Amino acid sequence: MTSTAPRGTCPGLSAPMLTGDGLLARFTPSDRIALGSFVAFCTAARRHGNGTVEITARGSLQVRGLTSASAARFAAEIAALEIAAIEGVPVIADPLPDGGGRLHLDALAADVRLRAIGTREAPRFYVAVGGTAASAMPLGSIAVDMAVTAVLRVLHVITARGPTTRAVDILEAEGINAFCSVLDGNVETRPRPPPRPAADPIGRHPLRDGFFALGIALPFGHAHADALARLAQAAAAFGVGSLRPAPDRALLLVGVREESAAPLTAAAEQLAFIVHTHDPRRRIVACPGKPACGSGLIAARALAADLARQLSAQGEAVHISGCSKGCAHPTTAALTVVGTERGCGIVRHGSAGATPNYHVEPAKLIREIVRIIETGAAVHA
């Protein structure tokens with residue numbers, strides 16, 4: 001491991017990352033995965049790792065607990081499955097391109113954003129840089145056949161400023177002309193596309209072929225490989241052909257018949273997956289924490305599970321971070337709990353990197369969070 005890494009580097013199959021529970025490998029499918037291949041993926045995760053499989057906020061698969069010896073065997077088995085995957089700089093697309101845009105990516109921050117606009121007969125891409133759909137700086141629209149060239153030119157501007165520079169840094173330092181100038185007048189000025197309702201992967205999503213995609217979520221982004229394999233096997237028994245990981249730590253079962261949706265949802269619920277939009281576990285974002293992460297100072301996921309049992313379905317979000325890096329949720333949250341050497345730091349309307357207002361012992365954390373949420377109490381110094 002080195003202190004710096006090239007842009008786009010992530011803990012991939014060929015270069016897993018050392019964590020508290022062994023090596024972690026990330027795998028980003030670029031398309032749907034046949035259910036048989038996914039079961040084989042889960043079997044390999046259990047055989048070569050500790051059985052923990054995660055889906056990240058951006059829809060990548062992660063396998064934990066690999067060793068220096070088993071990581072290579074795991075990579076070889078996954079390569080043999082020939083699952084289409086993204087390598088290098090992550091390119092994230094709508095996980096249901098035939099679903100009418102319901103699962104858009106507006107909430108995800110990115111250096112470069114493309115949104116399809118126009119009509120079926122005259123489609124165009126709207127281009128923006130540096131943020132979410134709401135915060136990114138708009139550049140205008142381009143013809144579809146210009147998309148690859150435009151994105152590469154924008155990326156060249158970013159990489160030319162150094163390996164750690166992001167689009168937002170350039171906008172702050174140089175302004176929007178740093179990007180407009182490289183597009184050679186191929187951008188057509190148009191108003192920013194209107195905002196869309198928030199995308200929610202949970203539940204049924206009608207597809208153009210008359211079938212559905214059924215979205216479920218992994219509690220706090222993780223599940224055991226055996227449970228995921230059983231879910232895939234149950235889906236296959238209902239005639240489903242494929243699945244796909246999706247942003248917001250979700251999994252989409254694709255090709256579900258109307259009459260199969262309810263029993264398949266029940267099967268997923270029996271396996272402890274999140275199947276309802278208002279499940280209290282969705283109010284909490286938690287990283288693995290201690291001991292799975294070498295940087296973790298508190299058992300974030302264990303605390304999250306205990307807290308979820310005390311919360312109602314509605315209310316403000318809670319972020320529980322094992323340390324100040326805040327990997328699971330880098331931005332602010334209404335209430336953040338961060339692991340420190342002094343215990344659980346409490347941060348109101350801030351991020352894990354903020355200075356805690358005060359600290360509580362892990363054993364008293366759940367009671368304190370419930371007090372804050374139920375009373376609306378301001379944190380005290």
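Procedures and definitions
- Residues numbered from 1 in each chain as written.
- Predicted model: local features only at pLDDT ≥ 70, side-chain atom pairs only at ≥ 80, totals over all residues.
- Heavy atoms only, no water.
- Pairing = 2+ DSSP bridges.
- Helix = DSSP H or I, 4+ residues; strand = E, 2+ residues; numbered from the N terminus.
- Contact = heavy atoms within 4.5 Å.
- Axes fitted to C-alpha atoms, helices over the stretch in contact; angles between N-to-C directions.
- Buried < 20%, exposed > 50% of the residue type's maximum accessible area, 1.4 Å probe, protein only.
- Phe/Tyr/Trp six-rings, centres within 6.5 Å; stacked < 30°, edge-to-face > 60°.
- Parallel < 35°, antiparallel > 145°, perpendicular 65-115°, else oblique.
- Left-handed = near helix turned anticlockwise from the far one by under 90°.
- Nonpolar A, V, L, I, M, F, W, Y, C, P; charged D, E, K, R; others polar.
- Core = buried A, V, L, I, M, F, W, Y, C linked by side-chain atoms within 4.5 Å.
- Arc of directions from axis to C-beta.
- Salt bridge = Lys/Arg side-chain N within 4 Å of Asp/Glu carboxyl O.

Draft legend 1. Quick peek at the sheet that holds strand β9 (residues 203-206). Taken in spatial order, the five strands make up an open sheet running β3-β12-β13-β10-β9, and their pairing is antiparallel. Each edge of the open sheet carries a strand with a single partner, namely β3 (33-34) and β9. In this sheet, strand β10 (residues 212-217) lies alongside β9 in antiparallel orientation, the contact comprising four bridges. Looking across to β10, one finds that Arg-204 is bridged to Leu-214. Strands in contact with helix α6 (residues 225-237) are β10, β12 (242-246) and β13 (250-256); relative to β13, the strand with the most contacts, it is inclined by about 15 degrees.

Draft legend 2. Focus on the environment of Ala-116. With respect to the helices and strands, the residue Ala-116 is situated in strand β6 (residues 110-118). Taking relative accessible area as the criterion, Ala-116 reaches 58% and is therefore assigned exposed. What Ala-116 contacts, discounting residues up to four positions off in sequence, is Arg-124 and Phe-125.

Draft legend 3. Molecular detail of the packing of aromatic side chains. In the structure shown here, the tally under the stated rule is three aromatic pairs. For the pair Phe-27 and Phe-41, a centre-to-centre distance of 5.9 Å together with 35 degrees between the ring planes defines the contact as tilted. Of this pair, Phe-27 sits in strand β2 (residues 22-27) while Phe-41 sits in helix α1 (residues 35-48), and the two are 14 residues apart along the sequence. As far as burial versus exposure is concerned, Phe-27 and Phe-41 are alike and both buried. Taking the centre distance of 5.9 Å and the plane angle of 70 degrees together, the rings of Phe-41 and Phe-74 count as edge-to-face. Here Phe-74 lies in helix α2 (residues 70-81) and Phe-41 lies in helix α1, a separation of 33 residues in the sequence.

Draft legend 4. Structural detail: the packing of helix α8 (residues 300-308) against helix α9 (residues 362-375). For the pair α8 and α9, the least separation of the axes is 10 Å and the interaxial angle reads 40 degrees. With respect to α9, the element α8 is oriented oblique. Judged by the sense of rotation from one axis to the other, the crossing of α8 with α9 is right-handed. Contacts between α8 and α9 pair Leu-303, Asp-306 and Leu-307 from the former with Pro-362, Leu-365, Ile-366, Ile-369 and Val-370 from the latter. The residue inventory of the contact of α8 with α9, partitioned by class, reads seven nonpolar, no polar and one charged.

Draft legend 5. Inspection of the nonpolar core at higher detail. Residues Leu-228, Leu-253 and Phe-273 are the most contacted members of the largest nonpolar core, which totals 43 residues. Among the elements that take part in this core, α6 stands out by supplying eight residues, more than any other. One finds Ile-284, Leu-335, Val-337 and Tyr-358 within the second-largest nonpolar core, a separate group that totals 26 residues.

Draft legend 6. Region of interest: the pairing of strand β4 (residues 52-55). Side-chain alternation along β4 places Thr-52 and Glu-54 on one buried face and Val-53 and Ile-55 on a second face that is also buried. In this structure, β4 lies alongside strand β11 (residues 222-224), joined through three bridges in antiparallel fashion. Considered in β11, the bridge of Glu-54 is made with His-222.

Draft legend 7. Structural context of helix α7 (residues 258-270). Within α7, the full set of buried residues consists of Ser-260, Ala-261, Leu-264, Thr-265 and Ala-268. Burial along α7 is one-sided: seen end-on, the buried residues are contained in an arc of 135 degrees. The exposed set on the far side of α7, more than 90 degrees from its buried face, consists of Glu-259 and Gln-270. Where α7 is buried, its residues touch β9, β10, α6 and β13. At the C-terminal side of α7, Ala-272 shows a positive phi close to 75 degrees.

Draft legend 8. Expanded view of the environment of Ala-107. Residue position: Ala-107 is located in the loop between α2 and β6. Sequence separation between Ala-107 and Ala-198 is 91 residues, and the spatial gap between their C-alpha atoms is 7.8 Å.

Draft legend 9. Molecular detail of the sheet that holds strand β8 (residues 137-143). Spatially, three strands are ordered β6-β7-β8 in an open sheet, and the strand pairing comes out antiparallel. Across the chains shown, the open sheet's two edge strands, defined by having one partner strand only, are β6 and β8. Within the sheet, the average angular offset between the axes of one strand and its neighbour, ignoring direction, is 25 degrees. Sheet topology note: the strand β7 (residues 123-131)/β8 ladder contains six bridges and is antiparallel. Its bridge partner lying in β8, Phe-125 is registered against Ile-142. Seen against the sheet, helix α3 (residues 147-160) touches β6, β7 and β8 and runs at an angle of roughly 160 degrees to β6. Against the sheet, helix α4 (residues 167-174) engages β6, β7 and β8, with an angle of about 75 degrees to β7.

Draft legend 10. Region of the structure containing the pattern of salt bridges. Counted according to the given criterion, the structure contains 18 salt bridges. Of the charged contacts, one joins Asp-226 and Arg-46 as a salt bridge, the two residues approaching to 2.5 Å between their closest N and O atoms. Taken together, the positions of Asp-226 in helix α6 and Arg-46 in helix α1 put the pair 180 residues apart, joining distant regions of the chain. Taking the relative accessible area as the measure of exposure, Asp-226 reaches 28% and is therefore partly exposed. One salt bridge in this structure joins Glu-54 and Arg-301, with 2.8 Å as the shortest N-O distance. Of the two residues, Glu-54 is situated in strand β4 and Arg-301 in helix α8; the sequence distance between them amounts to 247 residues. Here Glu-54 and Arg-301 have matching classes, each one buried. One continuous salt-bridge network, built from bridges that share partners, spans Asp-21, Glu-54, Arg-64 and Arg-301.

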